[in-house]
Each structure stands twice: as structure tokens, then as C-alpha cells.
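# What the coordinates show
Here are the chains, one letter per residue:
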Amino acid sequence: MPIEIFRRSLKPAMLGVFALVASSNALALGECGLSCCLAGANSSGVALAENFGLAIQYEYSDMKTLRKGHDKVSATEVIESHWMPGMMYAVPNKMTMEKVSFIGALPINERWTMIGIVPVVRNNMEMKMRNSAGMSMDMQMDEISGLGDVSLMGFYTAYTDAPIMATKRLTLGMGLKTPTGKNDERTASGDMVHAMMQAGSGSWDGLFTLNYMHAFSPVVTQINAFYHLSNKGDKGYEFGDQIGLDLIARYQAVPLINIGLELNMIHTTKDKDHESKYSRPTMSMLDNPAYTGLTSILLAPGVQFRFKDLPASLELKYQKPIHQHVNGYQQVLDQRVLATGTWSW
């Protein structure tokens, strides 16, 4: 029946869409990050597997806009306010971040599901710089790519009103982000590459989630909360903690096709560079820990396609900020596209 198909398609979201907002830092990843993997994988069906589920998710994040507080500013304005004769100063013009995540789900029993996430990242950035003589120029940073930080999470169903096709469910999650990604890439001059451009964070971080689902057939609603507890990395850099809250609604438009709309609210605290290995506040906007931490609200429409007689799905999502407020000067997310393919056994 169409209603049964719809409810089955949304069961994974009860386990982990939770966040769409977990992150290792407050600039490039601060408006999504790790939990985009959880959101895409779980809502598309990877956690439905009776024995094992596998998902592959692609993310493309586009960042061009610079903000001071809430207001937009240009790269030239930022340089004018920071440059001093005899010194150089650099500001990002454009940043693109791509990530392919391999996500596996292993059901332990009817209440517990374990999920592992293995990301591979590719980061590129274009800069505008004014040198010590006052001449401005554009420059391209070397691409940073490789294995990111692997994460492991466990989801526990604390309450459900029915073992199959539940209309109400409360799920709790806890996990760990491990420091598997490289975080000591250097520029040709020997300086550390910007912390937010590194593939990893160098820290062991705690991940905590809570999700409440209530189905009003043929619509399913969710409230998700997420907390990412960041710790100091092995190079002394500590990304800000992150708190996220999501409001989600999904509707079965036709059999095997679900459409959804999400409102994602995010707050991150400031970073700390305990050993000053990444900090160059007089030379680079990106290397100033005072210019980290933000509050952001994003709108994310999406569509999910399921395949008849196959335990597979394809989900497409578009994420757009509708409010952003940053500490100091920051480059922020303009848009993000996510595509997730899932197969379960």
C-alpha cells in the first residue's frame, strides 16, 4: 500500500536525520558538515536494512559571500579595513568543498543500529591578496584532498508506539568522530594551510542526538536536536562546539516518490588555536580565530525516489541559507547540493 511504502521510507529518518548540522568547524562546514551524511543516508533508507545497509553521498558546497555580522561585504572592503603598509593581507574570494561519504549501517537488534561514516574530501579556494607594496592580486590555493575524519554512531529507540509502522518514536544517538583525516597540510612557504581547509581536525569529538517523530498520514513530521562537542586537536586547534535544531516534514506525493522540506537552525561557538600554529590574524582573514562562530538558518527542499521491487533509493536535496550572522568577518555558505544513493540487504 502507498501509505505503508511511505512510512517504511521514513523510518530511517527517525534514526538519524537528527542534525543536518554537525560540523568540525564554524566556517566552511559550520552550516552542515558531518550530519549531512547522517541526514542523507538515514532518510534515504540505509538504516532500513535487515542485515546491512550501504549509502554513498555526494556533497557540493559553494561559498562566495563574505559577511561582517549580518551584513554582506566585498573582499576589497575587508582588505581595506585590515591591510597595513609593509604587510600583506589575504581574503577568500571563493571556496568549493566536495565530499563523498561511504556510510554503512549494521542493525544490532530491534532497538540498536550502528552507523559508520568514511568521508573523502576535496577542498579548493581562490584568494584575493594585497601585498606589502599595496598591489592587489588573485591567487589559487593548492587543492587539499584525501580521507576525512571517520565517525561511528549508535542509535537507540527509546520509545515507539508500535514495532512496525510506528506513528510516534523517540530515538537517542551517541557517537565519536575520530582524527583520521590529515590536519597538517602546509603551503609552499611552510605555513599551515587554513584550519577549515584541512581534511581532518586532529581531535576526538563527541556527537549526541535526539529525534522525535510523529506521523500524520500521509505526512511525517520530525524534530531533531544535535550537539557536537569539539576537543583540542593534536596540533592545538579546537573547533567550536555546535548545536543544531531541525524541523522536518515529508509527504508522499505519488507511490515511490517522497518530497520533503526542512528548516535547519545552527549555532557554533568560536574556535581556539591553543598553540597558534594556524593563526595569522594580521595577514589572513581565515586565520583569525576571532572570526569564527555563527548562527545560521537554512531551508532545504528535497525529493526521494525509490525503485520498485529493489531495496534501493536516490535522494536529492538543495540547501539554501535564509539567515546568517557571524562573528567578525567570515565567508559563508551560499548553497549546497546533496545526492545520496542507498542499497540495503
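Preceding this paragraph is the structure being described.
Since we're looking at a predicted model, the values are computed, not measured.

## Digging into the packing of aromatic side chains
Summed over the entire model, instances satisfying the criterion amount to four aromatic pairs. Consider the rings of Trp 112 and Tyr 156, whose centres lie 5.0 Å apart with planes at 40 degrees: the pair is tilted. With Trp 112 in strand β4 (residues 112-130) and Tyr 156 in strand β7 (residues 151-160), this pair connects stretches of sequence that are 44 residues apart. For Tyr 156, a relative accessible area of 29% corresponds to the partly exposed category. Note on Tyr 237 and Phe 239: the rings are 4.9 Å apart at their centroids and 65 degrees apart in plane angle, and the pair reads as edge-to-face. You can call Tyr 237 buried: its relative accessible area is 7%. Overall, Phe 239 belongs to the buried group, its relative accessible area being 7%. Put simply, the rings of Tyr 237, Phe 239 and Tyr 278 pair up and form one aromatic cluster. Lying across the ring of Trp 83, Arg 130 places its NZ or CZ 5.3 Å from the centre.

## A few points about helix α3 (residues 75-82)
Within an α-helix, residues lying three or four positions from one another point in the same direction, as the helix has 3.6 residues per turn. Residues of α3 that are buried include every one of Ala 75, Val 78, Ile 79 and His 82, and no others. Within α3, the buried residues cover an arc of 100 degrees as seen down the axis, which keeps them to one side. Packed against the buried residues of α3 are β1 (53-68), β2 (71-73), β3 (89-107), β4 and β17 (329-344).

## Structural notes on the pairing of strand β15 (residues 294-306)
Where strand β13 (residues 257-268) lies against β15, 12 bridges are found, and the strand directions are antiparallel. Residue pairing across strands places Ile 266 opposite Ser 296, the latter belonging to β15. Count of turn residues in the β15/strand β16 (residues 312-326) antiparallel hairpin: five residues, of which Asp 309 carries a positive phi of about 65 degrees.

## Details of the nonpolar core
Within the largest apolar cluster, 26 residues are counted, with the highest numbers of intra-cluster contacts made by Leu 66, Val 78, Tyr 89, Val 91, Met 95, Met 125 and Met 285. Among the elements of the structure, β1, α3, β3, β4 and β17 are those that each provide at least two residues to this core. The element contributing the most residues to this core is β3, with five residues. Contacts of Met 125, omitting those with residues within four sequence positions, involve Pro 92, Lys 94, Met 95, Met 139, Gln 140, Met 141, His 194, Met 197 and Leu 286. Ranked by size, the runner-up nonpolar core spans nine residues in total, among them Ile 103, Ala 105, Met 153 and Leu 207.

## Considering the pattern of salt bridges
Side chains that carry opposite charge are capable of pairing whenever their charged atoms lie near each other. Under the definition given, this model contains 13 salt bridges. Where Asp 287 meets Arg 280, a salt bridge forms, and the shortest distance between an N and an O atom there is 3.0 Å. Using a relative accessible area of 3% as the deciding quantity, one classes Asp 287 as buried. Through salt bridges with shared partners, a single ionic network connects Arg 250, Glu 262, Glu 315 and Lys 317.

## With respect to unusual backbone geometry
In this structure, Pro 218 follows Ser 217 across a cis peptide bond, with omega equal to 5 degrees. Along the chain, the position of Pro 218 falls in the loop between β9 (205-216) and β10 (219-229). Unusually for a residue other than glycine, Ser 276 sits at a positive phi of about 55 degrees. Residue classification places Ser 276 among the exposed positions, given a relative accessible area of 51%. A positive phi is found at Asp 309, a non-glycine position, where the angle reads about 65 degrees.

## A short note on the layout of surface pockets
Approximately 440 Å³ is the volume attributed to the second largest pocket. Lining the second largest pocket we find 22 residues, and of these Met 139, Met 141, Thr 187, Ser 189 and His 194 sit closest to its centre. Of all the secondary-structure elements, those providing two or more residues to the lining of the second largest pocket are β4 and β5 (136-140). A class-by-class count of the residues in the lining of the second largest pocket yields 11 nonpolar, five polar and six charged.

## Focus: the environment of Glu 50
Structurally, Glu 50 can be placed in the loop between α2 (34-44) and β1. Once the C-alpha coordinates of Glu 50 and Ala 105 are considered, the two residues, 55 residues apart in sequence, prove to be 9.7 Å apart. The residues touching Glu 50, leaving out its near neighbours within four places in the chain, are Pro 107 and Trp 345.

## Considerations on the pairing of β5
As defined by bridge partners, β4 adjoins β5 across five bridges and the pair is classed as antiparallel. Counted as the bridge partner of Arg 130 is Ser 136 from β5.

Quick notes on the rules
- Residues numbered from 1 in each chain as written.
- Predicted model: local features only at pLDDT ≥ 70, side-chain atom pairs only at ≥ 80, totals over all residues.
- Heavy atoms only, no water.
- Phe/Tyr/Trp six-rings, centres within 6.5 Å; stacked < 30°, edge-to-face > 60°.
- Helix = DSSP H or I, 4+ residues; strand = E, 2+ residues; numbered from the N terminus.
- Buried < 20%, exposed > 50% of the residue type's maximum accessible area, 1.4 Å probe, protein only.
- Lys NZ or Arg CZ within 6 Å of the ring centre and 35° of its normal.
- Arc of directions from axis to C-beta.
- Contact = heavy atoms within 4.5 Å.
- Pairing = 2+ DSSP bridges.
- Core = buried A, V, L, I, M, F, W, Y, C linked by side-chain atoms within 4.5 Å.
- Salt bridge = Lys/Arg side-chain N within 4 Å of Asp/Glu carboxyl O.
- 1 Å grid on protein atoms, 1.4 Å probe; cavity = no way out; pocket = protein on both sides within 12 Å on 5 of 7 lines; lining within 4 Å.
- Points joined across faces, edges and corners; volume = space filled by probe spheres on them.
- Nonpolar A, V, L, I, M, F, W, Y, C, P; charged D, E, K, R; others polar.

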